[in-house]
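# Fold and geometry: a report
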Amino acid sequence: MNLLSLIIGLPLFAILLVLALPESKAQLSKWVSLGVTAVQLVVVLIIWQSFDETKAGVLTLDSFQFVENYEWIKFSLGSLGIFSADYLIGVDGLSITMVLLSAIVMFIATISSFSIKDKVKGYFALLLLLNSAIYGCFLSLDFLLFYLFFEFMLLPMFFLIGIWGGPKREYASIKFFIYTLVGSIFILIVMIGLYSSVFDPIKTAVEAGLAPSIDAVTSGNLEVLYQMVHTGELAESKFVHTFGLLHMSDVRNYIPNAIFSTDTAITIFSYSPRLLAFLALFIGFAVKLPAVPFHTWLPDAHVEAPTPISVVLAGILLKVGGYGLMRIGYSIFPDTAAELSWWVALIGMISIIYGAYNALAMKDLKKMIAYSSISHMGFILLGVASYTVEGFSGAIYQMFSHGFISALLFLLVGVVYDRTHNRMIENFRGLASKMPFYTAIVIVGFFASLGLPAFSGFIAEILVFLGSFSSETLNGLVPRWMVVVSILGIILTAAYYLWALQRMFFGKYWVKDESWTDKLSDLTTREYIMLLPLAFGAFLFGILPGLAIDKMSASVITLVDHLNQAIN
Amino acid sequence: MKSVLQDIVFESHYLISEFTLAALVLFLVLMSIMMDTDRFKTVLLCFTSFVMLSSLLMLVDQSAAIEKGIFMHMITIHSYTIYFKAIIIVSGILAVLMYFNVKKKFELEPIMFIVTIVLGLNFLISSSNFLMTYVSLELVSLTSYALVYRATAKSSEASLKYLLYGAVASAILLYGISLVYGITGTLDYGDLSAIARDGINPASAIMLTVATVMIVLGLLFKIGVVPMHLWIPDVYEAAETPVTAFFSIGPKVGGIVALLVLYRSVGTLIGYETMAVLAVATILTGNLPALWQNNLKRLFAYSSIAHSGFLMLAFVALVGTTSLGAMNVYLLIYMIMNFAAFYMVQLIESKGEEATLNSIAGLGKSQVVLGVFSVVLALSLTGLPPTGGFMAKLFVLTSFWDLSSVMNSNVFWVVFLLAIINTAVALFYYIKIPYYFFFKNVGDNTEIYVSRGKKILLALITILLLVSFIKINWLIDLIGMFNY
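Residues numbered from 1 in each chain as written. Chains lettered and ligands numbered in written order. Predicted model: local features only at pLDDT ≥ 70, side-chain atom pairs only at ≥ 80, totals over all residues. Heavy atoms only, no water.

Let us look at the overall build of chain B. Within chain B, the secondary structure is distributed over 22 helices and two strands. The globule rule puts the C-alpha radius of gyration for 484 residues at 23 Å, and the 22 Å found for chain B is close to it. Taken along the three principal axes of its C-alpha coordinates, chain B extends 70 × 60 × 45 Å. In chain B, which comprises 484 residues, the share counted as buried stands at 62%. For chain B, long-range pairs separated by at least 24 residues make up 81% of all intrachain contacts whose partners lie at least 6 apart in sequence. (Helix = DSSP H or I, 4+ residues; strand = E, 2+ residues; numbered from the N terminus. Rg over C-alpha atoms; globule rule 2.2 N^0.38 Å. Buried < 20%, exposed > 50% of the residue type's maximum accessible area, 1.4 Å probe, protein only. Contact = heavy atoms within 4.5 Å.)

Counting secondary structure elements, chain A contains 24 helices and five strands. Taking 24 Å as the expected radius of gyration for a compact globule of 568 residues, we find that chain A reaches 24 Å, a close match to that expectation. Taken along the three principal axes of its C-alpha coordinates, chain A extends 85 × 60 × 45 Å. Every one of the 568 residues in chain A was classed for burial, and the buried ones make up 66%. In chain A, of all internal contacts separated by at least 6 residues, the share reaching a separation of at least 24 is 79%. Accessible surface, chain A as shown: approximately 18900 Å² in total, 66% of it carbon and sulfur. Each charge class in chain A can be summarised by its mean position, and for the 31 positive and 37 negative side chains these summaries are 14 Å apart. (Areas by Shrake-Rupley, 256 points an atom, 1.4 Å probe, with all protein chains shown as cover. Lys, Arg positive; Asp, Glu negative; His and termini not counted. Charge placed at Lys NZ, Arg CZ, Asp CG, Glu CD.)

Residue and element names in this part refer to chain A. Among the secondary structure elements, Ala-345 is positioned in helix H15 (residues 341–361). Expressed as a C-alpha distance, the spacing of Ala-345 and Ser-486, which sit 141 residues apart in the sequence, is 9.9 Å. Setting aside anything within four residues of it in sequence, one finds Ala-345 in contact with Leu-382, Ala-385, Val-478 and Met-482.

Once that is clear, we can look at the packing of aromatic side chains. All names here are of chain A. Here the structure, examined in full by the defined rule, presents 62 aromatic pairs over all chains. For the pair Phe-278 and Tyr-330, a centre-to-centre distance of 5.3 Å together with 75° between the ring planes defines the contact as edge-to-face. Residue Phe-278 is found in helix H11 (residues 273–288), and its partner Tyr-330 is found in helix H13 (residues 307–332); the two are separated by 52 residues along the sequence. We note that Phe-278, like Tyr-330, is buried. (Phe/Tyr/Trp six-rings, centres within 6.5 Å; stacked < 30°, edge-to-face > 60°.)

Residue and element names in this part refer to chain A. Here helix H17 (residues 389–420) crosses helix H19 (residues 436–449) at 145°, and the two axes come no closer than 10 Å. Here H17 runs over H19; the crossing is left-handed. Listed contacts from H19 to Ile-405, Leu-408, Leu-409, Leu-412, Val-413, Val-415 and Val-416 of H17 are Tyr-438, Ile-441, Val-442, Gly-445, Phe-446, Ala-448 and Ser-449. By residue class, the composition of the contact of H17 with H19 is 12 nonpolar, two polar and no charged. (Axes fitted to C-alpha atoms, helices over the stretch in contact; angles between N-to-C directions. Left-handed = near helix turned anticlockwise from the far one by under 90°. Nonpolar A, V, L, I, M, F, W, Y, C, P; charged D, E, K, R; others polar.)

What follows is about the interface of chain B and chain A. Each side of the interface is counted separately: chain B has 41 residues, and chain A has 41 residues. Of the roughly 3700 Å² buried where chain B meets chain A, counting both sides, 82% is carbon and sulfur surface. Summed over the shared surface of chain B and chain A, the number is five residue pairs in polar contact (both at pLDDT 80 or more). Residue assignment for the side of chain B that touches chain A shows that the elements contributing at least two residues are helix H17 (368–382), helix H18 (388–407), helix H19 (410–430), helix H20 (432–438), helix H21 (452–470) and helix H22 (472–480) of chain B. (Buried area = accessible area lost by both parts, 1.4 Å probe. Polar contact = N/O pair within 3.5 Å; in protein donor to acceptor, adjacent residues only side chain to side chain.)

For the rest of this paragraph, the subject is helix H12 (residues 297–304) of chain A. Residues and elements named next belong to chain A. Buried residues dominate H12, accounting for eight of its eight residues. The set of residues buried in H12 consists of Trp-297, Leu-298, Pro-299, Asp-300, Ala-301, His-302, Val-303 and Glu-304. Along its buried surface, H12 packs onto helix H6 (154–164), helix H7 (169–197), H11, H13, helix H16 (365–385) and H17.

Another aspect to go through is helix H12 (residues 250–265) of chain B. Taking 1.5 Å of rise per residue, 16 residues should cover 22 Å, and H12 of chain B covers 22 Å from first to last C-alpha, within 8% of that figure. Among the 16 residues that make up H12 of chain B, 14 are buried, leaving the element largely enclosed by the rest of the structure. (Expected span 1.5 Å × (residues − 1).)

Right, let's get into the pairing of strand E2 (residues 82–91) of chain A. Residues and elements named next belong to chain A. Across the 10 residues that make up E2, a large majority, nine, are buried. In terms of strand pairing, strand E1 (residues 65–76) meets E2 through nine bridges, oriented antiparallel. In the strand pairing of E2, Glu-71 is matched with Asp-86. As paired elements, E2 and strand E3 (residues 240–241) share two bridges and run parallel to each other. Its bridge partner being in E3, Ile-82 is matched across the sheet by Val-240. (Pairing = 2+ DSSP bridges.)

Formed by 410 residues in total, the largest nonpolar core has its most connected members in Phe-143 and Met-368 of chain A together with Phe-315 of chain B. Ranked by residue count, the leading element in this core is helix H15 (residues 325–349) of chain B, at 20 residues. If sequence neighbours within four positions are ignored, Phe-315 of chain B has contacts with Ile-256, Leu-259, Leu-260, Tyr-263, Met-275 and Met-327 of chain B. (Core = buried A, V, L, I, M, F, W, Y, C linked by side-chain atoms within 4.5 Å.)

This paragraph deals with a negative patch on the surface. A contiguous patch of negative charge on the surface is contributed by Asp-36, Asp-38, Glu-107 and Glu-109 of chain B. Take Asp-38 of chain B: its relative accessible area is 35%, and that puts it in the partly exposed class. (Patch = residues over 30% accessible without salt bridge, like charges linked within 9 Å, V, L, I, M, F, W, Y side chains within 5 Å. Salt bridge = Lys/Arg side-chain N within 4 Å of Asp/Glu carboxyl O.)

All names here are of chain A. A grouping of Phe-536, Phe-539, Ile-543, Leu-544 and Leu-547 is seen on the molecular surface, where their side chains present a nonpolar patch of about 470 Å² in accessible area. With three residues, the single largest contributor to the nonpolar patch is helix H23 (residues 525–543). For Phe-539, the position within the fold is in helix H23.

In this section: the sheet that holds E3 of chain A. All names here are of chain A. One open sheet holds the three strands; their spatial order is E1-E2-E3, and the pairing between them is mixed. Bordering the open sheet on either side are E1 and E3, each of which pairs with just one other strand. This element, helix H5 (residues 143–152), spans E1 and E2 of the sheet and lies at about 70° to E2.

Turning our attention to the pattern of salt bridges. Residue and element names in this part refer to chain A. What the rule picks out here adds up to 21 salt bridges over all chains. Salt-bridge contacts for Lys-203 lead to Glu-71; the nearest nitrogen and oxygen are separated by 3.3 Å. Separated by 132 residues along the polypeptide, Lys-203 in helix H8 (residues 201–207) and Glu-71 in strand E1 bring together distant segments of the chain. For Asp-364, the salt bridge is made with Arg-423, and the minimal N-O distance between the two is 3.1 Å. Here the residue Asp-364 occupies a position in the loop between H15 and H16, and Arg-423 occupies one in the loop between H17 and strand E4 (428–429), the gap between them amounting to 59 residues. Both residues of the pair, Asp-364 and Arg-423, belong to the buried class.

If you want it as structure tokens, here you go:
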């Protein structure tokens, strides 16, 4: 069974179904979408259950699971070799947690979307398109395919913010589109360069006449092929260029003296092309993440986006940045990424501190949480810069955990906003007496986000700190003072959350507009259905981190080994 | 003398495609005098496109004459030019078909002129002698001036501007050619390439450089590359929409392929670096003013300048690395996109006013098919996946990248970077189209009516743009059919 294609393809079919609904039955599209996400959730849980933790993935296709591999494009460019791209998808320890996260968050975001009133069909069609693109991004093992899905997340988001968003939605959606597009252009540059530098050893072996077909290629054939490539025996027209991410992370698959090969003599403005390539990838994914100073689109997008879209944006889309950085940036350019580790860690540290300071100053609750997201994403950079198993595990865990917590927090903001169409912190006081259950979940969310032990955020942050702290003695990549400063960020995080809690929820009940009092009822059943699983998830993965860590550890160890080999 | 005549008679059948077009022009001239053209509009349009289609199929005959100098070495068919002729003819056919949508009284002259330009362009890219090049270029130019003129104040201004610019460009070209003749004593590409190989004395070499610059400038005028792009916005805005659509493909292909033939048969006229810089300057010159356009035809005019820049990049990559692939794919997809864009303009114009961004405000809410079409089209023109436009740009950029890593000059890297960053600039104005379609509220303008047949056509074009991404192999196989 092609389970992964089912996950990616199901929403696309559902779009046709939704669009075909007559206008009078438009409300049915909600149930269609919910059905799709429910099926996806079930399929993902099956995958999660049958996932073999001993298989590492990351570098070799054999150890990926649920792999589907079909030839997509292949044709000869004459003397320039052969152009090829594959439909290659699979899951490993780096992506399995992201896939589970996507399934849960998309399901809950769809429930949250039931409150959408106008142009229902269009909304759900776009949400389904976004859904498909998200899974595609996490599952692609071919750069072109990844790029396709990566770009394809932009368009639905652009319309979802731009049509169903708040008062300044047009500005926010265009800003989002342009920022992310500029980022993705940097990724495109590297993709083009890698494509022209890397060959697919298996297909090339067939072209060179070493084996009759792709399936018949043996490791002996590959040895001969690498020898031929090394001595320059193989004609340039025989090289099958590839977008395969796994081929790109193996230095043997680079055409000798090609621009991104490690032995290249080419320099661009006297910088090594591989260094610039990692830099470009870093910028591209840092916009998505977002890291300071590429972050300014995020608060605008969050403030204007409708609640479910904020949930998807914070819960999943930001993770694509971190995931892409690991899967593409670090796996392919481990040598030059290490040279830039100091800067990556610095940007991580600045994001943590700067994001937290901004959150402290925000008057809008949603904007505060948006800045807290930026602050939390800084931990990912700090973790990956350390080149340690703990750092990488922590970074992935942070993405996973932040997915639950930020989705929870944005839904919580949505609760107040739905009732009063206002979410300024200063306009509310003493909500605890009016909405006790709501306040209880808010407290859980805030404490989970500030990294209280027993919640998933704590595990993630402690792992990141352990990894980055040991980095100075292990490999000297991340200086200790950056870690120390970052730890201080946690105090700021506690400060803005507790302060907001104190201002909005404690004290004597007061609201700015008397008419709100009637509207401020406690949580409804639908809201409980959305909020409780997320709160429970943050708690479960806080006390039983092994549930997720075990799935990823083999992959992380393989990846970190690969990284450390490159710098030694 | 007799044998020369014999040769010409014998060689005529190689050019049966061109002769068919010439006969069609004469036939249309007669018809425009004799018939009530408005009454027989459908018949005439169908007939014209049918004959053009048959001339497309007759291109097959030319494969027998590849690299043989025919007509006293005036004409040489190259293996790679047949495909470009096909593109030119197809763009002519599409332009003719677009006349079905033109509401006002039908006249045959524009159709006749379009066929004439197609004919001229096909001769232009077959030419292997500067005399032939000049004559066919003039055939194209003079007809183009007439084609733009439409008896409105705007179009008479535009066609006069076009005439003035065009005449200057022709004069520059002719002057360059005369210098070449003065220095070398020949106009034949083959002889010139021999002279270029053997080397000439330094004093003449400087003059020859001046001459080549002039010749290249003359051809750049047709492509609309900086600094010869000034005529494009006015002319595109003023001409009838089918004509604009045709201008955005046909003459460009003619110009760039004529240049390609020169580079391949005579030698590198102007260095790659200069050409690459011109290309990126063209992209910028097109994209930046496009940001401030409100009139859709003008917007697409500037966008077409930017696309000319990309075409030049493909050209530089092509002559540098000898791989035709990128330019072939780019031209095919660009043709589809541009005709799609101008078809959309035509639908909007059916309201009876000029197509502006304001006139499409809010239309996407009632015209969903048109709205979705506009989104896919905007993506494709920007060069984003999952559309053919992305593949086209990807091929151009990869082949340019290959050239850059061979040359390893910083100029190329900067050009590459600027070109790719321009995708984001382009997005700023292309996205305005779906933005106005969906985000803006409906103004006081009247709704447009899109019939069911047109909706199906729009859906088909949308699917075509998507399929040209997913199944780019099919397009490449199609192109392969015309490469001998």
